[in-house]
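Chains, contacts and geometry: an overview
Below, each chain spelled out in residue letters.
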Amino acid sequence: MHHPRGEPGESGSNLISVTRAFIVRRNSEAMTDNRSILVTGAAGRLGAVGRTVAELLLDRGLPVRAMVRREDDRAAALRAAGAEVVLGDLLEPADVYRVVNGCRRIYFGMSLSPGYLEATMTMAAVAREVEVEALVNMSQMTVSQMSIQQTTTSPQQRQHFLSEQALAWSGLQVVTIRPTVFLEGFFLPLTSPSVRDRGRIELPFGQGKTSPVATADVARVIAAVLADPIPHLGRIYELTGPCSQDMHGVAREYSDALNREVVYSDIPPADWERELKQTGLPEHLIRHLLTMADLNRAGRYDRMSDGVERMTGRPAMSIREFVSLHADAFGGRR
Ligand SMILES: NC(=O)c1ccc[n+]([C@@H]2O[C@H](COP(=O)([O-])OP(=O)(O)OC[C@H]3O[C@@H](n4cnc5c(N)ncnc54)[C@H](OP(=O)(O)O)[C@@H]3O)[C@@H](O)[C@H]2O)c1
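A short tour of the structure in this document, coming up. Since the model is a prediction, treat every value here as computed from it, not as a measurement.

**Quick look at the site of the ligand**
For the ligand, the set of nearby residues contains 26 residues, the closest of which are G41, G44, A48, S111 and G185. When residues of the shell around the ligand are traced back to their parent elements, those giving at least two are α2 (49–59) and α7 (183–198). Of the residues contributing to the shell around the ligand, the split by class is 12 nonpolar, 10 polar and four charged.

What follows is the structure, encoded as C-alpha cells:
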C-alpha cells in the first residue's frame, strides 16, 4: 500500500493521530470488554473461597463464568445468582481450554488434592495460549517460609511452592494469595464437634500462636483484585485474621461468642492422627493437616498481616465474630 510521503512535521502529527485513534479504540474495547471472569472451584461448601468470590463479583455486576465439576444444587444456585455455569475437570486439558477460552481474568483454586500441581500447570499452559490478562492464584502463607532447602512435609504445601515457582517463570500476569489457616475450612469442621459435645477445642497445636482468617475475607480480597487487577499484578498478598494468639486465647474467643466456657485441650499428635484416619479423610489431606499441627507447635503459624484491611478497607473478621455467626454449628449460645 502506498503512503504519500509528507513533510517531516506531518509525519509526526500523523503518528500522533494514529496513536490517539489506537488509544481511543483500546479504551473503548476495554470499556465494552464484557468477557467473563473465570472462577474455578466455584461450587465448594458454603463459605468456600471460589463460591464466595463468584457471589461477590456478581454483586458488583461483573460477568462470571463459574466452573464446577458436576450439575447439582450448588451449580443451580450459581446459575440463579447470574453466573454462566460451566462443567469441567481441572485435570483435563481439553476441559480447561474450553472453560478458560473467552475469559480475561481468572481465579484459580481447588480443593487440596494430589493433582494440584498438574492442575496449576494445565491452567498456566492454557492461560498463556489464550492470553489471559490476570491470573489470581490461591496459595498458602507457609510458602513464604519455604525454599528448596527448607521445605515442609505437607504434599499440598510442596505443590503450592512449586506452583508459585512455575507461575513466576510462566510470564503470566499473576497475583498470589497466601492466606493462613481458614476459619471456615479448618476451625469450623475440625473443632465444632468437640466444642459442641465437650466444650473443648481438641487439637495438637501445643502453645503455638495462630491467626486464622475467614475465607469470607480472603474472597473479598480476591474479588477486589479481579475487579481491577492492573495495580496488583505481580504482587503477593499474605492474609491473616486480626490477631495472633495461642489456643487458650482462641478458646476464650469461643467462650465469649457462645457465652459458655470453652477450653483448649492440647491433645497428643498421635491421637489426632488416629481420629483423622477414622473419619476416612484422604491420605493427602491427613498428611497436610498433621504438618499443620507440627508447624503450629513450632510457632510457624504465629503470623500477622494487615492485607485484608489494606485491600478491602475493613478489618479482618475475629474468631469471636466467626463463632457467633456459626454458633449453631458449635452447639449454640447459652
Ligand atoms: N483450608 C485452609 O485452611 C486453607 C488455608 C490456606 C490456603 N488454602 C488453600 O485454599 C484452596 C482451597 O480453597 P477452598 O477451601 O475454598 O476449596 P474447596 O472448597 O475445598 O474446593 C473448591 C472446589 O474445588 C473443586 N475441585 C476439586 N478438584 C477439582 C477438579 N479436578 N476439577 C474441578 N474442580 C475441582 C471441588 O469440587 P467438588 O465440590 O465438586 O468436589 C470444590 O468445590 C487450596 O488451594 C488450599 O491450599 C486453604
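Now that the structure has been shown, we can carry on.
**Examining the nonpolar core**
Among the nonpolar cores identified, the biggest contains 82 residues, and V39, V53, A66, I106, V136, I222 and Y254 are the most heavily contacted of them. The contact partners of V53, leaving out residues within four places of it in the chain, are V39, Y107, A219, I222 and A223.

**Brief notes about the sheet that holds strand β4 (residues 105–108)**
On the basis of which strands lie adjacent, the open sheet formed by seven strands has the order β3-β2-β1-β4-β5-β6-β9 and parallel pairing. A single partner strand is all that each edge strand has here, and the edge strands are β3 (84–87) and β9 (236–239). For this sheet, the mean inter-axis angle between neighbouring strands, taken without regard to orientation, is 20°. Where strand β5 (residues 134–138) lies against strand β6 (residues 174–179), four bridges are found, and the strand directions are parallel. Pairing of N137 across the sheet is with T176, part of β6. Docked against the sheet, helix α8 (residues 215–227) engages β1 (37–39), β4, β5, β6 and β9, running at close to 170° with respect to β6.

**Some points on the environment of L295**
Considering the arrangement of structural elements, one finds L295 in helix α11 (residues 283–297). A residue is classified by how many C-beta atoms lie within 10 Å of it, and L295, with 22 of them, is buried. Apart from the residues lying within four places of it in its own chain, the contact partners of L295 are T142, T152, R300 and Y301.

Rules used throughout
Residues numbered from 1 in each chain as written. Predicted model: local features only at pLDDT ≥ 70, side-chain atom pairs only at ≥ 80, totals over all residues. Near = placed C-beta within 6 Å. Helix = DSSP H or I, 4+ residues; strand = E, 2+ residues; numbered from the N terminus. Nonpolar A, V, L, I, M, F, W, Y, C, P; charged D, E, K, R; others polar. Core = buried A, V, L, I, M, F, W, Y, C linked by C-beta atoms within 7 Å. Buried ≥ 20, exposed ≤ 12 C-beta atoms within 10 Å, placed from the backbone. Contact = placed C-beta atoms within 7 Å. Pairing = 2+ DSSP bridges. Axes fitted to C-alpha atoms, helices over the stretch in contact; angles between N-to-C directions.

Purely spatial values, then, with no claim about function.
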